[in-house]
Amino acid sequence: MNKSWTRAIIPLLALILIVMMLIYPSASWEAGVRGLAIWWDVLFPSLFPFFVISELMLGFGIVHFIGKLLDPLMQPLFRIPGTGGFVAAMSFASGYPVSAKLTTKLRRQLLIGREEGERLVAFTTTSDPIFLIGAVSVGFFGNPKLAGALALVHYGSAIIVGFIMRFYGTKRSTDKSASSADKKSRETRFSIRLALRAMHEARLVDGRSLGELLRHAVTSSLQLMVVVGGLVVFFSVILEVLTAANVMGFFYSTVQGILAILHLPPELAQAFVGGTFEVTLGAKASASPADVPFMFKAAAAAFILSWGGLSVHAQVASILNDADLRYLPFFFARLIHAFLAAALMLIAWKPLMGASPSFKPLEQPEQLLQRWSEVPSLFIVFVKIVVILLILSLLARIIQQFLSSLPKQKGKPKK
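Nothing here was measured: the structure is a model prediction, and the numbers come from that model.

The tally for this structure, following the rule as stated, stands at 18 aromatic pairs. Relative to W349, the ring of F294 lies with its centre 5.4 Å away and its plane at 80 degrees, an arrangement referred to as edge-to-face. On the criterion of sequence distance, the pair formed by F294 in helix 16 (residues 294–307) and W349 in helix 19 (residues 349–353) is long-range, its members being 55 residues apart. On the basis of relative accessible area, F294 is assigned to the buried category, the value being 5%. With a centroid separation of 6.0 Å and an interplanar angle of 45 degrees, the aromatic rings of Y327 and F330 are classed as tilted. Following the ring pairs from residue to residue traces out a cluster consisting of W307, Y327, F330, F331 and F332.

So this is what it looks like as structure tokens:
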């Protein structure tokens, strides 16, 4: 029954969309061009180099090397192997949907189990720092001080989601889906010798030459970027056509009623509705209302950045479809992340920001979305995150050894 309903509804919705595009051709064209510009100026430079680099690092076994060193940190905290630390570092540096791409690759190589992969994608899908700082904090809000607070609640709440997601799934089901050889390698030892051995073995298993590896990395990354670009343009056109047809008014009024019940500024309805579809439009709209306190605008931006927008959800779902990873855990994790980030922003506003500062949005914040010059900075951020994680992993291993060396307390002998 559900499949029959789906087969009937999807063509009907597609027909309605085509008719609306014919009715509003100018709005559709402008939205398509705008979506294409976002893809080329924002997404392509920040995602494509990292896709290629990650493919090369997987082929050369560098991911296995880093993952082996990060096992002492990632296993106890998040119930995922150390390779998840590489995914987290790459995703935090370059933004969504890099996490889904890398997790799918690890799952195909049986380096992680099914539920491990679902936990990993759930908390590592975040905005990148350049967009959060340059575009949102400085560009849309015109307040560099907001960057620190927004980054703290966004990435901090993502880590909290990781702690929450560690309770998702059973303890043994994950191991059953991984290979037996991989299970033997999951020792929580911080050993460079074992890490080098894992890298060497991974390189032998891959066996591709440098030229072949590079060709495959570029080809597969370009194919994924085409899918990402198509989804961005698609959702941009949908949102613009619905706005031109005054359909969005219904959504605005509904969200305004919900915000009024929650005693929140109803003027932020446009930001939440726009952010439901596309994160850039929602984040920009959150800074627009003039009469809304700055604290609530920042909380709305934190919510939208953590939710990611249906455009990002569609990108992640299309990538996860290449493996046996399910979308629903990701969806619920996005909801938790969004509400948690907004709540943390409201709770920690005074300690982080003090009195509500005045702000002046820039006249042309879109100029800050030119991302080609920011690629080296994004890669430096990735390297810094990896170094920090390696230090934390070493400290975690030292603490584990120290605790294991303590004599166990014995019960008092009976008289």
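Positionally, F379 belongs in helix 20 (residues 375–405). Since its relative accessible area comes to 34%, F379 is described here as partly exposed. C-alpha separation for the pair F379 and M90, spaced 289 residues apart in sequence, amounts to 8.5 Å. When near neighbours in sequence (up to four residues on either side) are disregarded, F379 contacts F50 and I53.

Of the consecutive residues Y96 and P97, the connecting peptide bond is found in the cis state with omega at 0 degrees. For R79, which is not glycine, the phi torsion reads 55 degrees and is therefore positive. Tracing the backbone shows R79 in the loop between helix 3 (62–78) and helix 4 (83–94). For R79, a relative accessible area of 16% translates into the label buried. Of note, the phi angle at H263 is positive, near 60 degrees, even though the residue is not glycine. Mapped onto the fold, H263 is located in the loop between helix 13 (248–261) and helix 14 (269–277).

Before going further, it helps to examine the pattern of salt bridges. One pass over the full model with this rule turns up nine salt bridges. Here R34 makes a salt bridge to E240, at a shortest N to O gap of 3.0 Å. Taken together, the residues R34 in helix 2 (residues 25–60) and E240 in helix 12 (residues 210–244) connect sequence positions 206 residues apart. Residue classification places R34 among the partly exposed positions, given a relative accessible area of 33%. What makes E240 partly exposed here is its relative accessible area of 25%. In this structure, R114 engages E118 in a salt bridge whose closest nitrogen and oxygen atoms are separated by 3.6 Å. Linking R114 with E118, this pair stays in helix 6 (residues 114–124), spanning four residues, or about one helical turn. In this structure R114 comes out as partly exposed when scored by relative accessible area, which is 30%. Taking the relative accessible area as the measure of exposure, E118 reaches 3% and is therefore buried. Taken together, the salt bridges that share partners define one network made up of E55, K101 and K105.

Quick notes on the rules
Residues numbered from 1 in each chain as written. Predicted model: local features only at pLDDT ≥ 70, side-chain atom pairs only at ≥ 80, totals over all residues. Heavy atoms only, no water. Phe/Tyr/Trp six-rings, centres within 6.5 Å; stacked < 30°, edge-to-face > 60°. Helix = DSSP H or I, 4+ residues; strand = E, 2+ residues; numbered from the N terminus. Buried < 20%, exposed > 50% of the residue type's maximum accessible area, 1.4 Å probe, protein only. Contact = heavy atoms within 4.5 Å. Salt bridge = Lys/Arg side-chain N within 4 Å of Asp/Glu carboxyl O.

By themselves these figures say nothing about function.
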